[in-house]
Amino acid sequence: MSAPSGVFTIPPGTAFVDAVAARLVDETRGDPLALADHVILLPTRRAGRALREAFLRVAGGRPLLLPRMRAIGDVDADDLTAGEGPALDTPDLPPAISEQRRLLLLDRLILKWDAASAD
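Residues numbered from 1 in each chain as written. Predicted model: local features only at pLDDT ≥ 70, side-chain atom pairs only at ≥ 80, totals over all residues. Heavy atoms only, no water.

Caption draft 1: Main features of the overall build of the protein chain. Broken down by element type, the protein chain carries 4 helices and 2 strands. The linear arrangement of helices and strands in the protein chain, starting from the amino end, is α-β-α-β-α-α. Per-residue burial for the protein chain yields a buried fraction of 17% across its 119 residues. Contacts in the protein chain between residues far apart in sequence, at least 24 positions, make up 60% of those at least 6 positions apart. (Helix = DSSP H or I, 4+ residues; strand = E, 2+ residues; numbered from the N terminus. Buried < 20%, exposed > 50% of the residue type's maximum accessible area, 1.4 Å probe, protein only. Contact = heavy atoms within 4.5 Å.)

Caption draft 2: Region of the structure containing the pattern of salt bridges. The final tally for this structure, using the stated rule, is 3 salt bridges. Ionic pairing is found between Arg 57 and Asp 18, a salt bridge with its closest N-O pair at 2.6 Å. In this pair, Arg 57 is assigned in helix H2 (residues 45-58) and Asp 18 in helix H1 (residues 16-27), connecting sequence segments 39 residues apart. You can call Arg 57 partly exposed: its relative accessible area is 47%. On the accessibility criterion, Asp 18 (25% relative accessible area) is partly exposed. With its nearest N and O atoms 3.2 Å apart, the salt bridge here joins Asp 26 to Arg 29. For Asp 26, a relative accessible area of 51% puts it in the exposed group. The class for Arg 29 is exposed, based on a relative accessible area of 53%. (Salt bridge = Lys/Arg side-chain N within 4 Å of Asp/Glu carboxyl O.)

Caption draft 3: Geometry of the nonpolar core. In terms of nonpolar packing, the biggest core is built from 13 residues, with Leu 24, Ile 40, Leu 42, Leu 51, Phe 55 and Met 69 touching the most fellow members. Breaking this core down by element, the ones donating at least two residues are H1, strand S1 (39-42) and H2. Ranked by the residues each element gives to this core, the list is headed by H1, at 5 residues. Beyond its immediate stretch of four places on either side in the chain, Leu 24 contacts Leu 35, His 38, Ile 40 and Phe 55. (Core = buried A, V, L, I, M, F, W, Y, C linked by side-chain atoms within 4.5 Å.)

Caption draft 4: Spatial organisation of H2. Taking 1.5 Å per residue as the helical rise, H2 with its 14 residues ought to reach 20 Å, and the 20 Å between its terminal C-alpha atoms agrees with that figure. Close packing links the buried residues of H2 with H1, S1 and strand S2 (68-71). Once H2 ends, the next one or two residues include Gly 60, with phi positive near 65°. (Expected span 1.5 Å × (residues − 1).)

Caption draft 5: Layout of the packing of H1 against H2. One can describe the packing of H1 onto H2 by two numbers: an axis separation of 8 Å at closest approach and a directional angle of 55°. In terms of orientation, H1 lies oblique with respect to H2. Note on packing geometry: the crossing formed by H1 with H2 is right-handed. Together, Val 17, Asp 18, Val 20, Ala 21, Ala 22, Leu 24 and Val 25 of H1 and Ala 47, Ala 50, Leu 51, Ala 54, Phe 55, Arg 57 and Val 58 of H2 make up the contact between the two elements. Along the lines of polarity and charge, the residues of the contact of H1 with H2 split into 12 nonpolar, no polar and 2 charged. (Axes fitted to C-alpha atoms, helices over the stretch in contact; angles between N-to-C directions. Parallel < 35°, antiparallel > 145°, perpendicular 65-115°, else oblique. Left-handed = near helix turned anticlockwise from the far one by under 90°. Nonpolar A, V, L, I, M, F, W, Y, C, P; charged D, E, K, R; others polar.)

Caption draft 6: Expanded view of a nonpolar patch on the surface. On the surface, a cluster of nonpolar side chains totalling about 370 Å² of accessible area is made up of Leu 103, Leu 106, Leu 109 and Ile 110. As for its placement among the helices and strands, Leu 109 is situated in helix H4 (residues 99-118). Among the residues examined, Leu 109 registers a relative accessible area of 56% and is labelled exposed. (Patch = residues over 30% accessible without salt bridge, like charges linked within 9 Å, V, L, I, M, F, W, Y side chains within 5 Å. Areas by Shrake-Rupley, 256 points an atom, 1.4 Å probe, with all protein chains shown as cover.)

This is the structure in structure tokens:
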């Protein structure tokens, strides 16, 4: 399941959240506080709920101190303007890169990973 440089793959047909939960529980087995030291960034709050349920399944119903889970795709406008976060109209944010540049950078990472795994 693991490859060089901390890149992991999941076999086809395996539920993503179950694989992530199983991997983290296996890595931190023996230290009940180690799991709580992790931070997991998720695309939506729904993914966070699914991952919490996966941790419960992997632990066989035993209680765990879960890692911090942050949904990065479900940001409300109120969350951005209240408190410490930047407002939606903050002009000092750099422009997003183009889709073509993003794909080329991703391709470069995949080629490096492939070359490292061939060694």
